[in-house]
Amino acid sequence: MVSRIRQRQIAKLLTSGKRLDGRSLTEYREIKVEPGIIERAEGSALVHIGRTKVLAGVKVEIGEPFSDRPNEGVLTVNSEFVPLASPEFEAGPPGEESIELARVVDRGIRESKAIDLEKLCIIPGKKVFVVFIDIYVLNHDGNLIDASALAAMAALINTKIFNYELEGEEVKIKLGYTQLPVVNYPISVTFAKINDKMIVDPGLDEEEVMDARFTVTFDKNGNICAMQKGGGGTFTKEQILEAIRIGREKAEEIRRLII
Amino acid sequence: MVSRIRQRQIAKLLTSGKRLDGRSLTEYREIKVEPGIIERAEGSALVHIGRTKVLAGVKVEIGEPFSDRPNEGVLTVNSEFVPLASPEFEAGPPGEESIELARVVDRGIRESKAIDLEKLCIIPGKKVFVVFIDIYVLNHDGNLIDASALAAMAALINTKIFNYELEGEEVKIKLGYTQLPVVNYPISVTFAKINDKMIVDPGLDEEEVMDARFTVTFDKNGNICAMQKGGGGTFTKEQILEAIRIGREKAEEIRRLII
Amino acid sequence: MVSRIRQRQIAKLLTSGKRLDGRSLTEYREIKVEPGIIERAEGSALVHIGRTKVLAGVKVEIGEPFSDRPNEGVLTVNSEFVPLASPEFEAGPPGEESIELARVVDRGIRESKAIDLEKLCIIPGKKVFVVFIDIYVLNHDGNLIDASALAAMAALINTKIFNYELEGEEVKIKLGYTQLPVVNYPISVTFAKINDKMIVDPGLDEEEVMDARFTVTFDKNGNICAMQKGGGGTFTKEQILEAIRIGREKAEEIRRLII
Amino acid sequence: MKNEKRELIDKDGLRVDGRKKDELRPIKIMVGVLSNADGSAYIEQGKNKIIAAVYGPREVHPRHLALPDRAILRCRYHMAPFSVEERKSPAPSRRELELSKVIREALEPTVFLEQYPRTAIDLFIEVLQADGGTRCAGITIGSLALADAGIPMRDLVVACAAGKVDGQIVLDLNDIEDKEGEADVPVAMMPNLNLITLLQMDGLLTPEEFEEALNLSIEGCRRIYALQKKALKEKYISIREEVET
Amino acid sequence: MKNEKRELIDKDGLRVDGRKKDELRPIKIMVGVLSNADGSAYIEQGKNKIIAAVYGPREVHPRHLALPDRAILRCRYHMAPFSVEERKSPAPSRRELELSKVIREALEPTVFLEQYPRTAIDLFIEVLQADGGTRCAGITIGSLALADAGIPMRDLVVACAAGKVDGQIVLDLNDIEDKEGEADVPVAMMPNLNLITLLQMDGLLTPEEFEEALNLSIEGCRRIYALQKKALKEKYISIREEVET
Amino acid sequence: MKNEKRELIDKDGLRVDGRKKDELRPIKIMVGVLSNADGSAYIEQGKNKIIAAVYGPREVHPRHLALPDRAILRCRYHMAPFSVEERKSPAPSRRELELSKVIREALEPTVFLEQYPRTAIDLFIEVLQADGGTRCAGITIGSLALADAGIPMRDLVVACAAGKVDGQIVLDLNDIEDKEGEADVPVAMMPNLNLITLLQMDGLLTPEEFEEALNLSIEGCRRIYALQKKALKEKYISIREEVET
């Protein structure tokens with residue numbers, strides 16, 4: 001836990017528009033994207049935001065479609081806060097933070113229709129491709145949502161599916177690979193509110209003193225495809241609208257790192 | 001926990017044939033049955049016994065029969081002691097009290113053949129209706145077994161199944177509904193023994209001081225279809241036989257509330 | 001826990017080549033094998049090593065083969081440390097000791113090809129016999145691995161499968177039984193190291209003071225088919241090689257008890 | 001969301017259930033409906049039927065979860081197996097776990113947690129029948145159950161969603177609109193303090209559409225707030241009547 | 001229960017295993033069969049093979065379960081995967097959880113729990129082979145394991161079922177009679193105090209038939225009680241022999 | 001294991017990945033790769049990509065697990081869902097639980113646990129990509145992560161497997177060799193003290209073949225030990241450079 005002294009220090013700096021690590025209020029830490037580092041996965045990417053490290057891996061398998069979407073492939077997003085990444089993380093089934101993160105990332109991808117799921121149908125109602133995105137947090141230094149959403153998208157862009165042909169209802173694997181049909185590029189931008197100041201990309205020390213968190217996800221056309229408020233604090237309407245204005249620009253910048 | 005003073009008070013009153021709330025030893029609290037309150041369920045009923053409130057919902061789905069009963073539908077009874085209902089209840093998988101309750105209710109329905117399960121067969125050995133009875137305790141003020149058994153029966157009586165026709169082995173839903181084939185009406189009557197006195201329909205304060213509990217379930221013909229002794233106390237043979245005599249009358253009275 | 005005094009006593013005796021119960025360092029306690037005691041199981045055996053008692057039961061069911069072994073039956077080994085067997089055992093899902101034990105027993109049987117799994121294929125890729133070996137520890141007085149491995153093998157040798165014939169893809173059970181095709185007889189021999197002395201078949205009191213444990217499993221030809229070091233201590237290469245020399249002889253002796 | 005299978009707004013501008021675009025569903029709220037709980041409330045909003053109960057402040061189990069300087073607020077949002085079209089397993093789903101978290105965080109800002117150090121305040125929300133917008137309705141009665149339990153609060157919290165259906169921004173989506181519409185924006189707020197305590201969104205909206213939806217949600221919240229106050233008042237009147245008679 | 005597929009009582013009044021209506025299956029009981037447990041017992045009743053062990057009085061984990069004024073009695077009834085026709089998953093089923101509860105409550109009345117405050121007495125019953133009537137046989141040896149552990153008791157507890165098969169009331173149902181018969185009434189009692197400690201019933205009986213079945217169960221209990229005492233005595237004799245030689 | 005489908009060693013004595021029989025796969029080791037952990041290390045060995053982190057000595061939760069006279073070493077070996085051909089469920093498998101145990105027991109002998117009574121030292125090993133021999137590679141970097149965390153140790157622990165492939169004893173089996181070969185012998189040791197801390201075997205070997213495999217494993221360990229020391233040194237050099245500049 002960051003001490004109260006640290007908290008006062010962070011808050012005081014913010015009133016003069018500064019942050020502990022020298023960033024401006026609307027400045028991200030350095031972002032680095034390393035796609036394709038897990039050769040055995042169909043897709044993968046390691047994203048660094050400052051010292052935060054998140055690895056996303058994509059596996060593609062053949063499975064059944066949902067009964068109400070017989071012509072569409074299936075997308076599932078799962079997230080693991082492995083205890084290696086932080087002294088606060090514990091082994092065991094995903095906690096609420098991890099589930100929330102996975103669901104926010106999932107919504108961004110799903111609502112922006114980032115994957116053309118109809119192209120993943122093999123036999124309508126019977127066989128489709130199931131895309132598993134597994135988010136693996138390796139080092140938690142704040143802003144896991146943005147890092148995870150970016151790693152997931154970079155991994156999807158990087159994903160290849162084996163070619164196949166049908167013999168009756170049997171799927172026969174053929175030589176070669178095809179790119180996963182990625183057609184939109186949602187990008188999450190997360191804000192923290194500390195003593196009524198809005199800052200972008202909170203580091204862990206800032207998250208520990210923040211009042212509340214707000215994530216907004218933009219698709220490639222600048223439309224909003226997901227939002228999530230977190231933490232036990234509040235926002236004014238004006239703060240939300242300002243965050244959306246700033247977030248839209250930030251999303252544009254970050255998107256350039258992956259396409 | 002009811003204090004020892006309360007316990008002595010309850011016991012003392014009982015020796016003179018009285019109870020804290022003014023009831024006689026063989027008198028139920030007021031029973032109210034509200035069928036059909038969950039429109040989205042195939043059947044439902046809310047039962048009040050005094051301040052005890054139990055909601056039962058019935059869902060009907062298509063599933064597979066048991067391999068040793070290929071011509072019969074499937075009945076499953078589940079009970080949830082949701083923490084909303086009592087400071088003693090905890091979230092999580094059902095505890096032994098909850099499992100016992102569900103199994104006693106289940107036995108009463110099953111052994112009295114309350115549902116004509118053969119009428120729920122769609123394709124022998126392959127497709128049958130599966131009837132899920134979910135018992136939801138909303139406020140626990142004693143005698144959950146009787147309230148739950150009654151709510152379950154009232155919900156079953158109230159249950160409608162969609163009409164269907166077969167196209168080959170596909171089940172096509174048609175317009176309209178048919179009543180679930182309910183052909184018997186088991187009713188549970190529960191007794192508590194406190195200082196060698198037998199009382200009917202124990203309230204929570206009485207349950208907290210009782211030595212043991214005894215439930216007997218009667219079908220519409222006055223036959224016994226389930227029994228369950230509970231609690232770490234004992235009964236004499238005479239107490240059991242007396243409880244059966246009284247219970248049979250009580251069951252008749254209560255049954256009139258639902259048919 | 002055995003007190004330090006006991007530990008010193010055990011260690012001191014060992015330096016003069018003796019053990020608390022009078023055995024030599026390479027001597028097993030009395031071994032007794034009672035096959036077939038669970039008539040309802042397809043195979044079973046109760047093994048006593050001293051006061052250690054382990055019951056193994058075999059059930060055979062029809063199931064699906066693994067997709068990479070379409071022509072082979074399936075073997076699964078499971079072990080339960082039921083709380084009846086020791087004050088240290090707790091109810092619940094198997095702990096790491098129990099899982100390790102089951103996996104070591106499994107490896108011995110699997111790697112020695114003790115069961116001719118191809119003979120357990122009914123319809124390639126679709127239906128095979130699944131052999132469940134359940135190891136039930138009834139009294140834990142040390143050396144559970146050897147007792148379990150022996151009980152599992154004795155139960156397999158004792159296993160009969162119902163006769164069947166195929167009607168299309170339906171399996172019809174016929175009169176009579178056939179012996180499970182057991183073609184090899186792996187035997188485990190376990191050593192404990194206490195103060196640099198190697199002893200065979202450690203009793204519970206010896207296990208409580210041992211530095212490390214080493215199990216080696218031999219097939220009927222004297223070849224090694226499984227090994228497992230356990231415990232937070234070490235071995236020299238010479239100790240391992242000596243254990244193998246001794247273990248090979250012991251395995252021969254023990255094997256005679258079951259074939 | 002978003003498989004436009006049928007027309008959700010007709011040529012007269014009316015929705016599948018006959019409502020106008022900025023119209024709430026019929027709402028019925030009752031406070032103090034359960035005798036065991038320290039506080040409780042019940043809501044019917046359209047076909048939603050939801051009940052909430054508060055226990056606490058009370059001792060924390062396990063104890064190491066207690067905080068030395070304030071109470072912990074815990075929340076469990078849960079759906080009855082029979083509350084939805086296809087029977088739901090009673091085990092909490094990932095969706096229920098997420099909603100439990102965001103509901104708790106929507107109510108936390110209003111509770112004076114520091115008044116009850118080392119205790120827990122437990123809120124249980126049970127969805128008995130679901131018809132779209134259950135998280136908002138759950139927050140609306142959750143804050144009433146807290147009030148009914150006598151927990152000191154800065155303000156009530158009230159929640160309402162707006163969304164986009166057939167290209168138009170509408171208030172308080174029902175189940176069909178939620179599933180087949182284009183976007184859903186659930187909002188919770190403290191109406192007197194004008195502070196947003198829950199904000200989520202899924203679907204696809206331009207920033208301008210979002211602002212319109214946000215404004216409409218806030219308007220909906222204000223209307224439900226009036227119903228909240230009325231329900232609280234009715235409870236107190238009935239208590240006064242009981243006391244006086 | 002109750003699909004009358006075959007004749008369960010033949011024209012000579014004999015049952016599928018050749019017994020008369022009021023005849024128990026062959027029973028073999030042994031006390032003190034496990035070296036680790038504080039007390040243990042083993043029974044074969046028909047093809048049932050069941051073993052029970054008691055540990056305690058011992059420390060309670062987790063500690064908050066301990067009671068200041070008496071011991072807690074805990075019971076786990078569990079079936080081995082290979083004990084039944086189709087392999088049973090080792091995870092406890094709902095049936096096993098219910099039986100664990102009623103068995104505990106059948107034995108609780110006899111134990112002087114107040115003599116061991118803040119401790120636990122653990123009874124583990126493992127069904128190695130099941131042939132109908134396992135709960136009763138489990139209670140019968142459970143009370144012997146308690147006695148063997150030196151736990152002070154008011155009386156032994158003994159259990160036996162009666163039931164209805166082919167229209168007739170019979171004693172001590174085996175697996176086939178239990179599955180295909182019309183009713184089963186398991187009863188446990190403290191024979192010297194004449195008190196019933198377990199009573200369940202499933203099937204369909206008139207009150208008169210029930211009374212007949214109850215009386216027959218009690219008669220069965222009395223006969224098994226003689227075997228219990230004999231088994232206990234044998235244990236003590238063998239100990240005395242050990243001591244004297 | 002052991003379905004000889006293809007030739008694993010060609011006529012020139014080269015293996016499927018072109019290695020000679022006694023040749024290790026390319027190995028890259030880095031120490032101190034994670035900022036949160038007290039110690040960490042990363043290895044690539046063939047296509048294996050594995051990361052390890054140590055937290056501690058730290059407080060033990062739950063507390064009753066703490067030991068009065070020494071630290072407890074805990075170890076979790078875990079595979080990422082995407083690390084293997086077919087997606088692995090994130091819940092720990094029986095294999096992962098066994099490996100966690102043997103890895104812990106392979107490292108325990110080297111740590112001076114008695115220096116930190118009542119604490120826990122937690123080692124987490126995450127297999128990001130698996131290519132055969134992950135337990136050995138995990139031990140190799142596990143001991144580096146312990147060293148990086150400043151935990152006092154008797155020696156490093158280093159691990160390597162040998163095995164039998166196409167009838168020949170070879171070093172450091174890759175995934176294909178592990179699955180299709182005849183035997184696998186993973187070994188861990190403290191190289192300076194010449195003590196074996198892990199030894200497992202599956203497959204089929206004569207005692208003579210085993211001895212050959214054991215000797216080859218030990219030889220492999222010694223070579224990897226040199227790489228361990230180099231990686232540790234590089235970490236310290238880079239720290240010194242940081243400090244000095």
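Treat the numbers as computed from the prediction; the structure is a model and nothing was measured. Along every chain, residues carry numbers that run from 1 in the direction the sequence is written. Written order determines the labels here, with chains lettered from A and ligands numbered from 1. Local features in a predicted model are, by the rule used here, given only for residues with pLDDT of at least 70; side-chain atom pairs are given and counted only at 80 or more, and totals for whole chains, interfaces and linings are based on all residues. Side-chain calculation: all heavy atoms of the structure are included, whereas hydrogens and water are not.

Q: For the overall build of chain D, give the residues involved together with the corresponding values.
A: Here a helix means four or more residues in a row that DSSP labels H or I, a strand means two or more in a row labelled E, and each is numbered from the N terminus. Counting secondary structure elements, chain D contains four helices and nine strands. Counting from the amino terminus, chain D carries its helices and strands in the arrangement β-β-β-β-α-β-α-β-β-α-β-β-α. Its C-alpha atoms give chain D a radius of gyration of 18 Å, within 12% of the compact-globule value 18 Å for 245 residues. Projected onto the principal axes, the alpha-carbon positions of chain D cover approximately 55 × 45 × 35 Å. Every radius of gyration here is taken over C-alpha atoms, with the globule rule written as 2.2 Å times N^0.38, N being the number of residues.

Q: I'd love a proper account of the overall build of chain A, names of residues and values included.
A: Counting its secondary structure elements, chain A contains five helices and 12 strands. Computed over its C-alpha atoms, the radius of gyration of chain A comes to 20 Å, within 12% of the 18 Å expected for a compact globule of 259 residues. Across its three principal directions, the C-alpha atoms of chain A cover 70 × 35 × 30 Å. For every residue, the accessible area (1.4 Å probe, protein chains only) is compared with the maximum for its type, and the residue is labelled buried under 20%, exposed over 50%, or partly exposed between those bounds. A buried classification covers 61% of the 259 residues belonging to chain A. The contact rule is simple, with two residues in contact once any of their heavy atoms fall within 4.5 Å. When contacts within chain A are restricted to residue pairs at least 6 apart in sequence, those whose partners lie at least 24 apart make up 67%. With an accessible surface of roughly 10,500 Å², chain A has 49% of that area assigned to carbon and sulfur atoms. Areas reported as accessible are Shrake-Rupley estimates using a 1.4 Å probe. Residue values count occlusion only from the protein chains shown.

Q: Just give me the short version of the packing of aromatic side chains, but keep the residues and values in it.
A: Residue and element names in this part refer to chain A. Aromatic contacts are taken between Phe, Tyr and Trp rings whose centres are within 6.5 Å, Trp giving its six-membered ring; a plane angle under 30 degrees counts as stacked, one over 60 as edge-to-face, and the others as tilted. Overall, the coordinates contain 18 aromatic pairs over all chains when judged by the stated rule. Where Phe129 meets Phe162, the ring centres are 5.7 Å apart and the plane angle is 75°; that geometry is what we call edge-to-face. Of this pair, Phe129 sits in strand β6 (residues 127–139) while Phe162 sits in strand β7 (residues 160–167), placing them 33 residues apart in sequence. For the pair Phe129 and Phe162, a shared accessibility class is recorded, and that class is buried.

Q: Mind laying out the pairing of strand β2 (residues 43–49) of chain C, listing which residues take part and the relevant values?
A: All names here are of chain C. For β2, the tally of buried residues reaches seven of seven residues, placing the bulk of the element in the interior. Burial of the side chains of β2 extends over both faces: Gly43, Ala45, Val47 and Ile49 are buried on one face and Ser44, Leu46 and His48 on the other. Judged from the five bridges that link them, strand β1 (residues 31–35) and β2 form a sheet pairing that is antiparallel. Looking across to β2, one finds that Glu34 is bridged to Leu46. In this sheet, strand β3 (residues 52–63) lies alongside β2 in antiparallel orientation, the contact comprising seven bridges. By the bridge assignment, Ser44 is partnered in β3 with Gly57. Taking the residues that link successive antiparallel strands as the turn, the β2-β3 hairpin has two residues, and the phi of Gly50 there is positive, at about 55°. In this scheme, strands are said to pair when DSSP sees at least two bridges between them.

Q: I'd like a description of the sheet that holds strand β5 (residues 119–129) of chain D, backed by residues and values.
A: For sheets, the rule is that strands pair by backbone hydrogen bonds, running either parallel or antiparallel. Residue and element names in this part refer to chain D. One open sheet holds the five strands; their spatial order is β1-β2-β3-β5-β4, and the pairing between them is mixed. One side of each edge strand has no neighbouring strand; the edge strands of this open sheet are β1 (27–31) and β4 (72–79). In this sheet, adjacent strand axes meet at a mean angle of 15° when their direction is disregarded. Here strand β2 (residues 39–45) runs beside strand β3 (residues 48–59); their pairing, made up of seven bridges, is antiparallel. Paired with Ile43 across the bridge in β3 is Ile50. Fitted lines through C-alpha atoms give the axes, limited to the stretch in contact for helices. The angle between two N-to-C directions lies from 0 to 180 degrees. Relative to β4, helix α1 (residues 94–107) is tilted by about 140°, and along the sheet it contacts β4 and β5.

Q: Tell me about the pattern of salt bridges, and please be specific about residues and values.
A: All names here are of chain C. Salt bridge, as applied in this entry: a Lys or Arg side-chain nitrogen positioned within 4 Å of an Asp or Glu carboxyl oxygen. Within this structure, the stated rule accounts for 137 salt bridges over all chains. In this structure, Glu72 engages Arg69 in a salt bridge whose closest nitrogen and oxygen atoms are separated by 3.8 Å. With relative accessibility at 13%, the residue Glu72 sits in the buried group. A relative accessible area of 23% means that Arg69 is categorised as partly exposed.

Q: So, the sheet that holds strand β6 (residues 158–165) of chain F: which residues are in play, and what are the values?
A: Taken together, eight strands build an open sheet; the order of strands is β10(C)-β9(C)-β11(C)-β12(C)-β9(F)-β8(F)-β6(F)-β7(F) and the sheet is antiparallel. Two strands bound the open sheet, and with one partner strand each, they are β10 (197–200) of chain C together with β7 (168–171) of chain F. Going from strand to strand, the sheet's axes swing by 20° on average, the running direction of each strand aside. In this sheet, strand β12 (residues 224–230) of chain C lies alongside strand β11 (residues 212–218) of chain C in antiparallel orientation, the contact comprising six bridges. Across the sheet, the residue bridging to Thr217(C) is Ala226(C), located in β12(C). Relative to the sheet, helix α4 (residues 207–244) of chain F contacts β12 of chain C together with β6, β7, β8 (183–190) and β9 (195–205) of chain F, its axis offset from that of β6(F) by approximately 140°.

Q: Which residues make up the environment of Ser86(C), and what are the values?
A: Assignment of secondary structure puts Ser86(C) in the loop between β4 (74–80) and α2 (96–111). The spacing of Ser86(C) and Leu138(C) is 52 residues in sequence and 8.2 Å in space, taken between C-alpha atoms. Among all residues touching Ser86(C), those that are not within four sequence positions of it are His140(C), Asn36(E) and Tyr55(E).

Q: Talk me through the interface of chain E and chain B; I want residue IDs and the actual numbers.
A: On the side of chain B, 37 residues touch chain E, which itself brings 35 residues to the contact. Accessible area that two parts lose when put together, with a 1.4 Å probe and added across both, is what the buried area reports. Taken as a group, Arg94(E), Glu98(E) and Lys101(E) account for 21% of the area that chain E buries against chain B, more than any other trio of residues on that side. At the boundary of chain E and chain B, one finds four salt bridges. Among the ionic pairs, Glu100(B) bridges to Lys101(E), the shortest N-O distance being 2.7 Å. Distance and chemistry together define a polar contact, namely a pair of N or O atoms within 3.5 Å, with one atom able to donate a hydrogen and the other to accept it when in protein, and with adjacent residues in sequence counting only for side-chain atoms on both sides. There are 16 residue pairs in polar contact (both at pLDDT 80 or more) connecting chain E and chain B. If you list the elements that add at least two residues to the side of chain E that touches chain B, you get α1 (94–107), β9 (195–205) and α4 (207–244) of chain E. Each residue is assigned to one of three groups, with Ala, Val, Leu, Ile, Met, Phe, Trp, Tyr, Cys and Pro labelled nonpolar, Asp, Glu, Lys and Arg labelled charged, and all others, Gly among them, labelled polar. Considering only residue class, the side of chain E that touches chain B consists of 17 nonpolar, seven polar and 11 charged. As judged from the four bridges shared by strand β12 (residues 224–230) of chain B and β9(E), these two strands associate in the antiparallel manner. From the neighbouring strand, Ile224(B) faces β9(E), where its bridge partner is Leu205(E).

Q: So what's going on with the interface of chain D and chain A? Residues and values would help.
A: Facing the 34 residues of chain D at the interface are 38 residues of chain A. Both faces considered, chain D and chain A share a buried interface measuring about 3,000 Å² in area, 53% of it formed by carbon and sulfur atoms. Its largest share of buried area at the contact with chain A, chain D owes to Arg94(D), Glu98(D) and Lys101(D), together 21% of the area lost on that side. The partner of Glu98(D) in a salt bridge is Arg107(A), and the shortest N-O contact between them spans 2.8 Å. If you look at where chain D meets chain A, you find 16 residue pairs in polar contact (both at pLDDT 80 or more).

Q: So, the state of the cysteines: which residues are in play, and what are the values?
A: Defined by distance alone, a disulfide is two cysteine sulfur atoms within 2.5 Å. A full pass over the atoms with the stated rule returns zero disulfides over all chains. In this structure Cys225(C) is not part of a disulfide, and its nearest cysteine sulfur, from Cys136(F), lies 20 Å away. Free cysteine: Cys136(D), not disulfide-bonded; nearest cysteine sulfur from Cys160(D) at 6.3 Å. Owing to a relative accessible area of 5%, Cys136(D) belongs among the buried residues under this scheme.

Q: Pulling in residues and values, what's your account of the side chain of Ser79(C)?
A: Residues and elements named next belong to chain C. If you trace the backbone, Ser79 turns up in strand β4. Classification of Ser79 by relative accessible area gives buried; the value is 2%. Beyond its immediate sequence surroundings of up to four residues, Ser79 is in contact with Pro94, Ser98, Leu101, Ala102 and Ile135.

Q: Account for the confidence of the model for chain D, with residues named and values stated.
A: Interpretation of this model should avoid reading the predicted coordinates in detail wherever pLDDT is low. One confidence number per residue, pLDDT, is output by the predictor and ranges from 0 to 100. Scored by pLDDT, chain D has a mean of 95; 98% of the residues are at 70 or more. The complex prediction reports pTM at 0.95, with the ipTM value standing at 0.95.

Q: Explain the environment of Leu55(A) to me, and be specific about the residues and the numbers.
A: Looking at the secondary structure, you find Leu55(A) in strand β3 (residues 52–63). The sequence separation of Leu55(A) and Ala147(A) amounts to 92 residues, and the corresponding C-alpha distance is 8.9 Å. Ignoring anything within four residues of it in the chain, the contact list for Leu55(A) reads Ile37(A), Ile38(A), Ala45(A), Leu46(A), Asp134(A), Ile135(A), Tyr136(A), Leu138(A), Phe82(F) and Leu128(F).

Q: I'd like to hear about the packing of helix α2 (residues 96–111) of chain B against α1(E), residue by residue, with values.
A: Between α2(B) and α1(E), the least distance of the axes is 9 Å, while the angle of their chain directions is 105°. With respect to α1(E), the axis of α2(B) lies roughly perpendicular. Across from Glu96(B), Glu97(B), Ile99(B), Glu100(B), Ala102(B), Arg103(B) and Arg107(B) in α2(B), the residues of α1(E) making contact are Arg94(E), Arg95(E), Leu97(E), Glu98(E), Lys101(E), Val102(E) and Arg104(E). Angles are sorted into four bins: roughly parallel if under 35 degrees, roughly antiparallel if over 145, roughly perpendicular if 65 to 115, and oblique for all others.

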